[in-house]
There are 2 protein chains.
Amino acid sequence: MSLVVVGSIAYDGVETPHGRVDRMLGGACTYISLAASYFTPVKIVGVVGRDFAPEDHALLADRGIDTAGLETAEGLTFFWRGEYFENMNQRRTLQTDLNVFADFDPKLPEHYRDQPYLLLGNIQPKLQQRVRAQMTAPRLVGGDTMNLWIDIAHEDLLATIRHWDVLVINDEEAHMLSGETSVYKAARKIIELGPHTVIIKRGGDGAMLFRRDRYFVAPAFPLESVHDPTGAGDSFAGGFFGYLAGIGYDPAGESDPAELNRAVVYGSVMGSFCCERFGVDRFRTLTRKEIDERFQAFQRFTRF
Amino acid sequence: MSLVVVGSIAYDGVETPHGRVDRMLGGACTYISLAASYFTPVKIVGVVGRDFAPEDHALLADRGIDTAGLETAEGLTFFWRGEYFENMNQRRTLQTDLNVFADFDPKLPEHYRDQPYLLLGNIQPKLQQRVRAQMTAPRLVGGDTMNLWIDIAHEDLLATIRHWDVLVINDEEAHMLSGETSVYKAARKIIELGPHTVIIKRGGDGAMLFRRDRYFVAPAFPLESVHDPTGAGDSFAGGFFGYLAGIGYDPAGESDPAELNRAVVYGSVMGSFCCERFGVDRFRTLTRKEIDERFQAFQRFTRF
């Protein structure tokens with residue numbers, strides 16, 4: 001049961017209070033697919049430039065990720081540079097060079113199209129629509145977005161998420177999209193926009209899942225120090241969707257609804273691992289055993 | 001098994017985005033004792049002025065609170081006035097008239113002294129010491145403090161909490177007291193100062209319990225709108241300690257360690273009810289049944 005993932009593949013420059021890296025592998029698609037690959041087969045759609053390093057391609061391949069949909073175009077790979085402040089929940093973008101990403105026109109290889117799970121990483125809403133349109137009949141479609149699209153492509157975004165099952169956004173975006181300051185009211189308004197399930201990521205404060213009839217609240221996994229939060233939200237989404245794909249979750253079928261809660265916790269676990277090192281470094285050594293141990297730790301410190 | 005509570009009894013003036021009340025019953029001892037009274041018999045120690053209204057005294061008495069230790073002095077009751085900003089986690093003090101509280105010298109009635117549970121609300125550390133010294137051999141001693149004492153009475157405070165079992169503070173105070181920005185590191189440092197159990201209240205983000213060998217994280221109960229957060233932290237402490245006193249918790253004995261987690265959740269439940277109305281108003285109608293229903297709701301939305 002493969003999960004198809006679309007999104008940016010990038011090089012990032014990041015500065016945090018713990019250090020600085022001028023250029024490292026990044027991008028939503030990269031983080032999502034690495035995190036999801038611990039739970040389910042993953043197929044990615046994206047574009048990189050001629051500068052994309054063979055060892056970065058190898059990292060994805062080594063995790064069993066299908067890169068048939070990874071296009072290499074003339075030019076340079078998308079580049080993003082930003083810095084985080086002492087409060088790691090806030091960051092500032094210093095540089096964004098779209099490069100080959102500016103003309104990205106995602107084309108799904110034939111063997112991607114009938115897969116059951118689709119996760120649309122944060123890209124222009126119209127591109128997300130175009131990817132969705134190439135899938136035959138996905139069982140579960142989810143996606144992320146960002147403040148930029150809520151701001152400059154509002155109508156496109158509304159038309160896009162109307163057909164999603166799951167929207168995964170952070171609390172600030174939820175407020176922007178709904179106009180509500182209470183996260184509960186925001187989630188209810190967003191459910192009216194289409195998705196039956198809304199996940200609100202709250203960084204170091206955990207995550208919440210909302211549906212019409214119920215909700216679930218999980219704290220963040222307690223990290224003594226966060227080295228680099230870049231990609232944590234995407235790793236969360238990858239863990240969440242990857243877990244559901246791995247168990248063959250069917251929203252229309254008999255799946256245990258508590259599986260969605262477990263997926264949120266697996267998402268939190270993957271986000272927490274991501275923060276422990278710069279960029280994708282933690283995924284170079286991470287094992288499924290470590291993931292499951294952290295999931296079990298989560299149960300221990302939240303049960304009463 | 002009575003819980004002895006000491007702290008301020010006050011009149012408050014409060015303005016929040018939801019409204020304004022110029023004068024209403026307040027004070028740490030009031031909120032703590034009202035919240036705890038749903039779980040265990042409570043005996044309070046405090047001072048009020050000649051202006052203290054019979055109906056406010058009656059509210060405490062109606063909840064079965066023993067007011068033998070409530071002294072009425074010449075002068076006016078402690079008065080505090082403050083306002084909350086849109087983000088209800090922050091407030092500004094506009095007026096503090098200590099009045100009769102300036103010369104408060106707590107004296108415990110004879111029948112208070114051999115009670116097993118003692119909760120020292122936020123007052124000057126030396127006064128907390130003096131109350132502790134009047135108790136024969138309490139089984140569990142806990143207390144709260146505030147940024148002011150961490151700042152201007154640091155040594156007194158350290159000498160005071162050294163002999164406590166439980167310290168209940170908010171995250172900002174934990175950072176001030178420990179010099180650590182990570183709440184986990186802060187808790188570990190505070191445990192070195194004496195208390196075997198540290199509870200860190202995080203307002204709308206929930207609460208955490210730390211001990212040497214384990215920790216517990218609870219989200220806040222989801223409120224659609226917070227009318228007035230005044231007293232929520234004290235109501236939390238009252239719920240936490242009241243629950244433990246009600247079940248006869250014995251830190252040296254055979255008590256189920258998970259009871260501490262349940263106490264944190266009961267604390268959160270009491271804090272959440274407190275925020276639903278201005279001042280102590282919610283406690284005028286609240287029932288134990290409503291409390292237990294909210295505790296059960298907590299289990300539903302946190303289990304996975």
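Criteria and thresholds
Residues numbered from 1 in each chain as written. Chains lettered and ligands numbered in written order. Predicted model: local features only at pLDDT ≥ 70, side-chain atom pairs only at ≥ 80, totals over all residues. Heavy atoms only, no water. Least-squares fit on C-alpha atoms with pLDDT ≥ 70 in both. Contact = heavy atoms within 4.5 Å. Pairing = 2+ DSSP bridges. Helix = DSSP H or I, 4+ residues; strand = E, 2+ residues; numbered from the N terminus. Axes fitted to C-alpha atoms, helices over the stretch in contact; angles between N-to-C directions. Buried area = accessible area lost by both parts, 1.4 Å probe. Salt bridge = Lys/Arg side-chain N within 4 Å of Asp/Glu carboxyl O. Polar contact = N/O pair within 3.5 Å; in protein donor to acceptor, adjacent residues only side chain to side chain. Nonpolar A, V, L, I, M, F, W, Y, C, P; charged D, E, K, R; others polar. Left-handed = near helix turned anticlockwise from the far one by under 90°. Parallel < 35°, antiparallel > 145°, perpendicular 65-115°, else oblique. Expected span 1.5 Å × (residues − 1). Buried < 20%, exposed > 50% of the residue type's maximum accessible area, 1.4 Å probe, protein only. Arc of directions from axis to C-beta.

Colleague: Describe in detail the relation of the copies chain A and chain B, supporting the description with residues and values.
Modeller: Rotating chain A by 180° about the axis while translating it 0.0 Å along that axis superimposes it on chain B, leaving an RMSD of 0.0 Å. What the superposition gives is, in effect, a two-fold axis relating one chain to the other. Most of the interface of chain A is mirrored in chain B: 100% of its interface residues are interface residues there too.

Colleague: I'd like a rundown of the sheet that holds strand E8 (residues 117–120) of chain B, residues and numbers included.
Modeller: All names here are of chain B. Pairing within the open sheet is mixed, and its nine strands lie in the order E5-E4-E1-E8-E9-E10-E11-E12-E13. The outermost strands of the open sheet, each flanked by one partner alone, are strand E5 (66–72) and strand E13 (215–218). Across the sheet, the mean angle from the axis of one strand to that of its neighbour is 15°, orientation sign disregarded. Pairing between strand E11 (residues 197–201) and strand E12 (residues 207–210): four bridges, direction antiparallel. Across the sheet, residue Ile 199 finds its bridge partner in E12, namely Leu 209. In the packing of helix H3 (residues 125–134) onto the sheet, the strands contacted are strand E1 (3–6), E8 and strand E9 (140–144), and the crossing angle to E8 comes to about 170°.

Colleague: Got a sec to walk through the sheet that holds strand E9 (residues 140–143) of chain A? Specific residues and values, please.
Modeller: Residues and elements named next belong to chain A. With respect to topology, nine strands assemble into an open sheet ordered E5-E4-E1-E8-E9-E10-E11-E12-E13, the strand pairing being mixed. Two strands in the sheet have a free side with no partner beyond their single neighbour: strand E5 (66–72) and strand E13 (215–218). This sheet shows a mean twist of 15° between the axes of neighbouring strands, independent of strand direction. Where strand E1 (residues 3–6) lies against strand E4 (residues 42–48), four bridges are found, and the strand directions are parallel. Looking at the pairing, Val 5 lines up with Ile 44 of E4. Contacting E1, strand E8 (117–120) and E9, helix H3 (residues 125–134) crosses the sheet at an angle of about 170° to E8. Helix H9 (residues 258–275) contacts strand E11 (197–201), strand E12 (207–210) and E13 of the sheet and is inclined by roughly 25° relative to E13.

Colleague: I'd like to hear about the interface of chain A and chain B, residue by residue, with values.
Modeller: Listed by partner, the interface residues are 25 residues for chain A and 25 residues for chain B. In this assembly, chain A packs against chain B so that about 2,400 Å² is buried in total across both faces, 56% of it on carbon and sulfur atoms. Its largest share of buried area at the contact with chain B, chain A owes to A:Glu224, A:Phe301 and A:Phe304, together 34% of the area lost on that side. Summed over the shared surface of chain A and chain B, the number is four salt bridges. Between B:Arg202 and A:Asp205 there is a salt bridge, with its nearest N and O atoms 3.1 Å apart. Connecting chain A to chain B are eight residue pairs in polar contact (both at pLDDT 80 or more). Among the secondary structure elements, those contributing two or more residues to the side of chain A that touches chain B are helix H7 (183–192), E13, H9 and helix H11 (288–302) of chain A. Per-element accounting of the side of chain A that touches chain B gives the leading share, five residues, to H11(A). A per-class count over the side of chain A that touches chain B returns 13 nonpolar, five polar and seven charged.

Colleague: Mind laying out the packing of helix H8 (residues 232–246) of chain B against helix H9 (residues 258–275) of chain B, listing which residues take part and the relevant values?
Modeller: Residues and elements named next belong to chain B. Here H8 crosses H9 at 145°, and the two axes come no closer than 7 Å. For the pair H8 and H9, the crossing hand works out as right-handed. Touching Ala 232, Ser 235, Phe 236, Gly 239, Phe 240, Tyr 243 and Leu 244 of H8 are Glu 259, Leu 260, Arg 262, Ala 263, Val 264, Tyr 266, Gly 267, Ser 268, Met 270, Gly 271, Cys 274 and Cys 275, all from H9. Classifying every residue of the contact of H8 with H9 gives twelve nonpolar, five polar and two charged.

Colleague: Residues and numbers for the packing of H3(B) against helix H5 (residues 154–161) of chain B, please.
Modeller: Helix-helix packing is characterised by the crossing angle of the two axes and by the distance between the axes. Residue and element names in this part refer to chain B. Running from N to C, H3 and H5 cross one another at 25°; their axes reach a closest spacing of 8 Å. Accordingly, the angle class assigned to the pair H3 and H5 is roughly parallel. Two packed elements cross with a definite hand, and for H3 against H5 that hand is left-handed. Contacts from Pro 125, Lys 126, Gln 128 and Gln 129 of H3 reach H5 at Asp 156, Leu 157, Ala 159 and Thr 160. Of the residues belonging to the contact of H3 with H5, the class tally is three nonpolar, three polar and two charged.

Colleague: Got a sec to walk through H9(B)? Specific residues and values, please.
Modeller: Helix length check: H9(B), at 18 residues, gives a terminal C-alpha distance of 26 Å against a target of 26 Å (1.5 Å per residue), a fit within 8%. Extensive coverage of H9(B) is indicated by the burial of 17 of its 18 residues.

Colleague: Any details on helix H7 (residues 183–192) of chain B? Residues and values, ideally.
Modeller: All names here are of chain B. For H7, the set of buried residues is Val 183, Tyr 184, Ala 186, Ala 187, Ile 190 and Ile 191. Along the long axis of H7, the arc covered by the buried residues comes to 160°, so they all point the same way. Packing partners of the buried residues in H7 comprise strand E10 (166–170), helix H6 (171–178), E11 and E12. N-cap assignment for H7: the residue whose side-chain oxygen lies 3.2 Å from the backbone N of Tyr 184 is Ser 182. Following H7 by one or two positions, Gly 194 adopts a phi angle in the positive range, close to 145°.

Colleague: So what about the environment of B:Met88? Which residues, and what values?
Modeller: Secondary-structure assignment places B:Met88 in the loop between strand E6 (78–84) and strand E7 (91–97). For B:Met88 and B:Gly204, which are 116 residues apart along the polypeptide, the C-alpha to C-alpha distance reads 8.4 Å.

Scope: geometric values only; no functional claims are made or implied.
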